[in-house]
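Inside the fold
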Amino acid sequence: LYATARDYVERQFFLRSRYSSEQLRNKFLQNTPFAAIDRRDFDRMNRIIRRMARRLSSCYSYKQKLVQRGNLDVKRTIRKNMAYNGVIFETVWKKKKIDKPKFLAVCDVSRSVAAAANFFLLFLYNLNGIVSDMRSFAFSSHLIEISRELKANSAAEFIPNVLEKIGFMSTDYGQALSDLKEQFGQLIDRRTTVFILGDARSNNADPRLDIMRWINQRASRVVWLNPEPQTFWGTGDSEMLRYRPYCDVAMPCRTIKQLERVIDETLRSTKRP
């Protein structure tokens, strides 16, 4: 009887403590800065981000039309009830067309954001499953489109391929913005939310503020997520304080929890007031 009781307690302890430790580890990683996360936790982070993407996807599946109960379409109601001599048996409600949002993501993968680049790309990989219209780009000194690689490969293949092509070089935000406008500027319109993921450190090159102003004027929203603390903005070669006036949202994003909160708020309101 003693041995049976001991075995039962050991099994329960193993099952419950293992589940609790998994939850504790996941919660810890969600609030850990990207730079402090060990490479061995990459797969775990991918699972956390995938669950987050699925949760956001279930909350924000966009429909082309939403029926607005309470807004009666008088003209259509009268026409529909003409067969009843004007007696209203059937009502017709107004419908509001909801345009599907477009997303354009630009990710810095240069040396200065080496620690965060893996996780930004990992999030883009999973975010791609949420929205039907998304174009993704990466840059160090110049900018390339990575949308095709993102869709055709697994996360384990996609991230090393991008970093091998263009990662860990010196940064030139001005050149990247120039490439974006010249080659892909037609993609940005009033339905487009532009995400920029990077530290805004441009090695004292021309930041091309004129292009940031142009993007801000054309896009629905401009959201800048910076992996550095806000106290670092504007120090050294950081151009963040000069870019910030042309962003609708500009905030530090150093953890998965912060990233989830920003994306959640952005998806709630994809149109500029």
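Below you will find a few notes about this structure.

Reading the values: rules and limits
- Residues numbered from 1 in each chain as written.
- Predicted model: local features only at pLDDT ≥ 70, side-chain atom pairs only at ≥ 80, totals over all residues.
- Heavy atoms only, no water.
- Axes fitted to C-alpha atoms, helices over the stretch in contact; angles between N-to-C directions.
- Helix = DSSP H or I, 4+ residues; strand = E, 2+ residues; numbered from the N terminus.
- Parallel < 35°, antiparallel > 145°, perpendicular 65-115°, else oblique.
- Left-handed = near helix turned anticlockwise from the far one by under 90°.
- Contact = heavy atoms within 4.5 Å.
- Nonpolar A, V, L, I, M, F, W, Y, C, P; charged D, E, K, R; others polar.
- Salt bridge = Lys/Arg side-chain N within 4 Å of Asp/Glu carboxyl O.
- Buried < 20%, exposed > 50% of the residue type's maximum accessible area, 1.4 Å probe, protein only.

1. Overview of the packing of helix H7 (residues 173-184) against helix H8 (residues 209-218)
- Where H7 contacts H8, the axes come no closer than 9 Å and their chain directions differ by 45°. With respect to each other, H7 and H8 are oriented oblique. Judged by the twist between their axes, the crossing of H7 over H8 is left-handed. Counting all contacts with H7, which are made through Leu177, Ser178, Leu180 and Lys181, the residues of H8 involved are Ile211, Met212, Trp214 and Ile215.
- Across the contact of H7 with H8, the residue classes tally to six nonpolar, one polar and one charged.

2. Thoughts on the pattern of salt bridges
- In the structure shown here, the tally under the stated rule is eight salt bridges.
- Of the charged contacts, one joins Asp237 and Arg201 as a salt bridge, the two residues approaching to 3.0 Å between their closest N and O atoms. In this pair, Asp237 is assigned in the loop between strand E7 (221-226) and helix H9 (240-243) and Arg201 in the loop between strand E6 (192-197) and H8, connecting sequence segments 36 residues apart. Neither residue differs from the other here; Asp237 and Arg201 are each classed as buried.
- Salt-bridge contacts for Arg242 lead to Glu239; the nearest nitrogen and oxygen are separated by 3.2 Å.
- Shared partners join several salt bridges into a network, and the residues in it are Arg201, Glu228 and Asp237.

In short, the description is geometric, and any link to function would need to be established separately.
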